[in-house]
Amino acid sequence: MRTLSYRHTGVFDRFRFGAAYYPEHWSEEERQSDPERMREAGIDLVRLGEFAWDLLEPEEGVFDFHFFDREIERLQRAGIDVIFCTPTAAPPRWLTRKHPEFLRLNAAGAFMQHGSRQHVCTTNAGFREYSRRITAQIAEHFKAHPAVIAFQTDNEIHCHFDYCYCPACQQEFRSYLQKKYGSIDRLNRAWGTAFWAQSYRDFSEIELPKDQAPTWPNPGAMLELRRFHAAMAARYQHEQVEILRAANPRWIIFHNGLMGVVDYRGAFGRDLDLIGFDCYPGFVFDAARRPVRHAFTLDRARAIDGNFIVPEHQSSFGGQNGYVHATPEPGELRQQTFRSIAHGADSLLYFRWRSCRFGAEEYWGGILDHDNLPRRRFYEVAGIARELQALAPYLQRSEVRTEVGIAAADADAEAVHAIYPMGLPSPDAVAEELHRAFHLRHYAVGLVHPEDDLAPLKLYFLPHWELVSPAAAANLRGFVEAGGTLVIGARSGSRTADNQIIAEPRPGILTALAGVTVEEYGKLIAGDPHSLQTVELNEQPVRAEHFYEVLIPEGAETVACWNSRYLAGKPAVTVNRLGRGRVHYVGSYLTGPLLEALIPLLSAAAGLEPVLPGLPEGLEVIERRSACGRLFFGLNNTESTLDADQLPGRTLVGPEDGRLAPYGVRITVLPA
Ligand code: GAL
Ligand code: ZN
């Protein structure tokens, strides 16, 4: 299995551009002209077969590839390649009828039923046999097909359903625990079952834990529940990947996400050639915030394994029964596409080629509307494809420049917070706020796992990760000793891998690094005049949020103190010099006014410079570098015309003079 890194670059032969295509939704007449029109739109890759199990195996054991063979032949004639999918997110009716025991069971005890999707339990050994069989048939059928270049496994695993309580999951959970803990005593100690008389005498006594049944469950058990379901997802996918790789080792294999309760940096992601990120910026209704949030989600995807594919990119109006997201205005889709590329997409497919006239997603807009007429989106997409021609060669093997790293992409770190949030912001929420602050100031910010390669970074944030592995702590030390600036937020290092609270003073495993211990902590209550609120930083009172810690320096120097009530004068922010670098410990949350006040101090300490000097506010600038040269992406995120003439080199996309209208994009290259 591979090691993953945010520094990895893509695996496609060239930048691929296309759409998710469901020919099974269209008549022969409508399908006939599709490949030619796709060509007109500049498409060279489509994704097929995602939910078409009923067409591929209409009856148990009867496989039929006529339909797709014909469609692929047509596409091939137009020079369009194919990603095929394992169609297992939509098991057909003959299967659920024969095996109602495969259906998922929710926490309330209700079985899912046939009629939507992801209704079958992927832990179930019987179902996995069907999954392997359809995968093997598809793999065998297409293994020598020159147009089939890649595979997507299933669809957005755990999108609609993660915690299954069916008998198969129950059984597997016990085996999983037995294998992990070996003896029931070890499990009892790890979970702390002495609390509320939960001790077990045998693995067979353990049930899948449920939230609020009737009150808060055991945190150790809940963490294992998440790890278990993530492990089941990885095992299920692995069985498909193995079959696909054996059939054709040249196939590029990915999965589309990103969802909760999947460990993308664990076995699940290591099994794949690259990460797939389904990108729907329109879920943010606030237009002013949409570009920043979009950038964050892209950087979060890149944190897992570097450059990625966008198997689904919002193209238009879209929603399901209960909601509709924001519709891209003219030029917005183009800008979003180039933003996705700037932040690491190495291939991109729109969702979807054409809006379907029926089914649960009849209002998910495609490049073409229900009436199949080409309108402005079609022409916008065709224009993007033309612009990509100049850009594509420089994208190959290029890496997004990253100098500020924020800890992310760890399933356990998110899980322990989700299991015990106490109303505090999640690591992900704080990462987003930090990202936004640096991104808007034109710094080359990215999200990076603490066990990843930290060498290119100048500044690194570990915001409030209660669970920090020994490997991460050692890697952070190496980063600091080599000259890096590390910032550790409150509550870091306070849990064990079993999800208990540590027995040592905080920050536990990070104490030597931070050169402080935490003497006392408490809640900051917003708006309460009697609560502690402020830190004195550079002789200014600065409002802190959510949480306070009183620090006892053990080698570190005090940078800022609390300045109210009984804590007045006690250390709140410290710095510890170590090797050639330094560690700042912040005894509060890295959010709000305190974060804003700390940024100049931390950026100066780390010697951080913006991507380019003199950039105007609202101009997003991202650099991607390769051996061929440096690419600069400039995106106007404001409502007025901006100058983007600071971008050096030759213009590949957008106006030569650098005058950018709203939604404008300019991309330049400085050849190596
Ligand atoms: C994705 C999913 C697609 C489609 C799309 C629009 O999450 O992978 O199959 O459902 O959203 O809802
Ligand atoms: Zn199940």
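Up top is the structure these notes are about.
I will try to describe carefully the structure that is included in this document. Nothing here was measured: the structure is a model prediction, and the numbers come from that model. (Residues numbered from 1 in each chain as written. Chains lettered and ligands numbered in written order. Predicted model: local features only at pLDDT ≥ 70, side-chain atom pairs only at ≥ 80, totals over all residues. Heavy atoms only, no water.)

**Focus: the overall build of the protein chain**
1) Next: For the protein chain, the count of helices and strands is 18 helices and 28 strands.
2) Next: Taking 672 residues into account, the globule formula puts the C-alpha radius of gyration at 26 Å, and the protein chain, at 26 Å, falls close to it.
3) Next: Within the span of the protein chain, comprising 672 residues, buried residues form 60% of the whole.
4) Next: Within the protein chain, counting contacts between residues at least 6 apart in sequence, those at least 24 apart form 72% of the total.
5) Next: With the model as given, the accessible surface of the protein chain reaches about 25,900 Å², and the carbon-plus-sulfur share is 52%. (Helix = DSSP H or I, 4+ residues; strand = E, 2+ residues; numbered from the N terminus. Rg over C-alpha atoms; globule rule 2.2 N^0.38 Å. Buried < 20%, exposed > 50% of the residue type's maximum accessible area, 1.4 Å probe, protein only. Contact = heavy atoms within 4.5 Å. Areas by Shrake-Rupley, 256 points an atom, 1.4 Å probe, with all protein chains shown as cover.)

**A few points about the coordination of the zinc ion (ligand 2)**
1) Next: Surrounding the zinc ion (ligand 2) are the protein donor atoms C121 (SG), C164 (SG), C166 (SG) and C169 (SG), which sit 2.3 Å from the metal.
2) Next: In this structure, the zinc ion (ligand 2) is coordinated by four donor atoms arranged in tetrahedral fashion, with angles at the metal of 100 to 116 degrees.
3) Next: Ordering the donors of the zinc ion (ligand 2) by residue number gives the pattern C-x42-C-x1-C-x2-C. Of this pair, C121 sits in the loop between α5 (93-98) and α6 (125-142) while C169 is found in helix α7 (residues 167-181), placing the two residues 48 residues apart along the sequence. For the pair C121 and C169, one class covers both residues: buried. (Donors = N, O, S within 2.8 Å, 3.2 Å for Na, K, Ca; no water. Tetrahedral: all angles 85-135°; square planar, octahedral: opposite > 155°, others 65-115°.)

**Digging into helix α8 (residues 184-191)**
1) Next: Residues of α8 that are buried: I184, L187, N188, A190 and W191. Viewed along the axis of α8, the buried residues span an arc of 165 degrees, placing them on a single side of the element.
2) Next: Summarising the contacts, the buried residues of α8 are in contact with α7 and α9 (219-247).
3) Next: Backbone geometry just downstream of α8 places G192 in the positive-phi region, at approximately 65 degrees. (Arc of directions from axis to C-beta.)

**Details of the side chain of D44**
1) Next: Within the element layout of this structure, D44 appears in the loop between α2 (34-40) and β2 (45-48).
2) Next: When sequence neighbours within four positions are dropped, the list of residues in contact with D44 reads R14, F15, R16, F17, R39, G79, I80 and D81.

**Description of the packing of aromatic side chains**
1) Next: On inspection of all chains with the given rule, the structure shows 36 aromatic pairs.
2) Next: A ring pair is formed by Y521 and F547, whose centres lie 5.7 Å apart and whose planes are at 20 degrees; its orientation type is stacked. Taken together, the positions of Y521 in strand β16 (residues 516-523) and F547 in strand β19 (residues 547-553) put the pair 26 residues apart, joining distant regions of the chain.
3) Next: We classify Y521 as partly exposed; its relative accessible area is 43%.
4) Next: Overall, F547 belongs to the buried group, its relative accessible area being 8%.
5) Next: Each ring, one from F547 and one from Y589, has its centre 6.3 Å from the other, and the planes form 70 degrees; the classification is edge-to-face. With F547 in strand β19 and Y589 in the loop between β22 (581-586) and α18 (592-606), this residue pair connects regions lying 42 residues apart in the sequence. (Phe/Tyr/Trp six-rings, centres within 6.5 Å; stacked < 30°, edge-to-face > 60°.)

**Things to note about the site of ligand 1**
1) Next: Near ligand 1 there are 13 residues, and of these N155, E156, E312, E361 and W364 occur at the shortest range.
2) Next: Contact between ligand 1 and E312: an oxygen atom at 2.8 Å from a side-chain N or O atom of the residue.
3) Next: With respect to ligand 1, the side chain of E361 contributes an N or O atom lying 2.3 Å from an oxygen atom.
4) Next: Considered on its own, ligand 1 offers 300 Å² of accessible surface; in the complex 93% of this is hidden by protein.
5) Next: Residues that form the shell around ligand 1 fall into these classes: four nonpolar, three polar and six charged. (Near = heavy atom within 4 Å. Polar contact = N/O pair within 3.5 Å; in protein donor to acceptor, adjacent residues only side chain to side chain. Nonpolar A, V, L, I, M, F, W, Y, C, P; charged D, E, K, R; others polar.)

All we've got here are geometric facts, nothing functional implied.
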